[in-house]
Amino acid sequence: MKLLKIIVFISIAGLLVSLTSAPAKAQAGNDNRGNFGIGVMIGEPTGISVKSWNSMRTAFDIGAAWSLTGREEALHLHSDFLWHSWFSNAEDLAFYYGIGARVIFADEATAGARFPLGLNFIFQTIPFDLFVEAVPIIDLTPDVELAGNGAVGLRYYF
């Protein structure tokens, strides 16, 4: 239970840092787009996705979603720090990777470390991005186990 509290604290602290940091024009040179996006992710889990860019290469994301597979239905919360590598021949597309934490609130709570890998496409004419990601996870409580998540999502930036 102590580890669960530490993970939740780190996730909340990361979100606060990302929301209070100075805005950076992060989105592939588009000055009309904000650095804070909110939208949906569909997959495992399915729910709300939030992303806050710190620079052209780094961002925080958080998710609040409902997990529907492998166990009873459960609330899933996660937060990640992400690094982006932009493709030189497709300036609107970035590969990203990161590290983060997740907590699943069910009859038996689960907490673990996330290692997201994905692609992020930034639309140039509208304030949206599209992403797809696969996330290996090492659950640390109640038992050490390997798990995974995956999602496709769309966010609106303001």
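In case you missed it, the structure is sitting above this.
Attention in this report is confined to the structure presented alongside it. Residue positions are given per chain, counted from 1 along the sequence in the order it is written. Local features are withheld for residues below a pLDDT of 70 in this predicted model, meaning they are given only at 70 or higher, and side-chain atom pairs are given and counted only at 80 or more; totals for whole chains, interfaces and linings count all residues. Side-chain measures were taken over the full set of non-hydrogen atoms in the model, leaving aside hydrogen atoms and water.

With respect to the overall build of the protein chain
- Working definition: helices are DSSP H or I runs of at least four residues, strands are E runs of at least two. Numbering for both runs from the N terminus. Along the backbone of the protein chain there are 1 helix and 9 strands.
- The helix and strand sequence of the protein chain, counted from the amino end, reads α-β-β-β-β-β-β-β-β-β.
- Contacts were defined at the residue level, with two residues in contact if any of their heavy atoms lie within 4.5 Å. Restricting to contacts in the protein chain with at least 6 residues of sequence separation, those with at least 24 account for 49%.
- A 1.4 Å probe and the Shrake-Rupley method give the accessible areas. Residues count as covered only by the protein chains that appear here. For the protein chain, the accessible surface area stands at approximately 8,100 Å², while carbon and sulfur atoms represent 70% of it.

A short note on the nonpolar core
- We define a nonpolar core as any set of buried Ala, Val, Leu, Ile, Met, Phe, Trp, Tyr and Cys residues linked to one another through side-chain atoms lying within 4.5 Å. Burial classes follow relative accessibility: with a 1.4 Å probe on protein chains only, a residue under 20% of its type's maximum area counts as buried, one over 50% as exposed, and anything between as partly exposed. Ranked by size, the top nonpolar core spans 6 residues in total: Met41, Ala65, Leu82, Tyr96, Phe131 and Ala151.
- Not counting chain neighbours up to four residues away, the residues in contact with Ala65 comprise Met41, Pro45, Thr46, Gly47, Ala74, Leu75 and His76.

Concerning the pattern of salt bridges
- Every case where a carboxyl oxygen of Asp or Glu lies within 4 Å of a side-chain nitrogen of Lys or Arg is listed as a salt bridge. If you walk through the whole model with that rule in mind, you get 4 salt bridges.
- Arg114 is the partner of Asp80 in a salt bridge, and the nearest nitrogen-oxygen pair spans 2.9 Å. Pair noted here: Asp80 is in strand E4 (residues 74–87) and Arg114 is in strand E6 (residues 110–114), with a separation of 34 residues, a long-range link.
- Through salt bridges that share partners, Asp80, Arg114 and Glu133 make up one connected network.

Thoughts on the pairing of strand E9 (residues 145–157)
- A pair of strands counts as paired when DSSP detects no fewer than two bridges linking them. Examined bridge by bridge, strand E1 (residues 36–44) and E9 share 8 bridges and lie antiparallel to one another. Each bridged residue has a counterpart across the sheet, and for Met41 the counterpart in E9 is Gly153.
- Judged from the 12 bridges that link them, strand E8 (residues 128–141) and E9 form a sheet pairing that is antiparallel. Looking at the pairing, Pro136 lines up with Gly148 of E9.
- Following E8, the chain reverses through 3 residues before pairing antiparallel with E9.

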